[in-house]
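An overview of the molecular structure
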Amino acid sequence: MRPAVHFIRFRGEEYHSALRVWGRPDFIHRLWDANAKREIAPGDIAIFARGIDQDPLAPFSFNDSAVL
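Below is a short write-up of the structure. Note that the coordinates shown come from a computational prediction; the quantities given were computed from them, not determined experimentally. (Residues numbered from 1 in each chain as written. Predicted model: local features only at pLDDT ≥ 70, side-chain atom pairs only at ≥ 80, totals over all residues. Heavy atoms only, no water.)

Glancing now at the overall build of the protein chain. If you tally the helices and strands in the protein chain, you get 2 helices and 4 strands. Counted from the first residue to the last, the protein chain has its helices and strands arranged as β-α-β-α-β-β. What you see for the protein chain is a C-alpha radius of gyration of 11 Å, in line with the 11 Å of a compact globule of 68 residues. In terms of overall dimensions, the protein chain has a C-alpha envelope of 30 × 30 × 20 Å along the principal axes. In the protein chain, buried positions account for 26% of the 68 residues. (Helix = DSSP H or I, 4+ residues; strand = E, 2+ residues; numbered from the N terminus. Rg over C-alpha atoms; globule rule 2.2 N^0.38 Å. Buried < 20%, exposed > 50% of the residue type's maximum accessible area, 1.4 Å probe, protein only.)

All we've got here are geometric facts, nothing functional implied.
The structure is reproduced here in structure tokens:
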């Protein structure tokens, strides 16, 4: 099974640039929050538009989008 690709904190043109490099993501997380962190499994690929996985989590959670 291939790892899932997660795009995190993408808002604008950086999304199109990431598409050219990584292809379509399996998940788009608008924020780096508890939901995003929980949904990234070991071995998955997490691409951040801004920041890193060590950044503080957002104090609130936002619904994430599954890309079909």
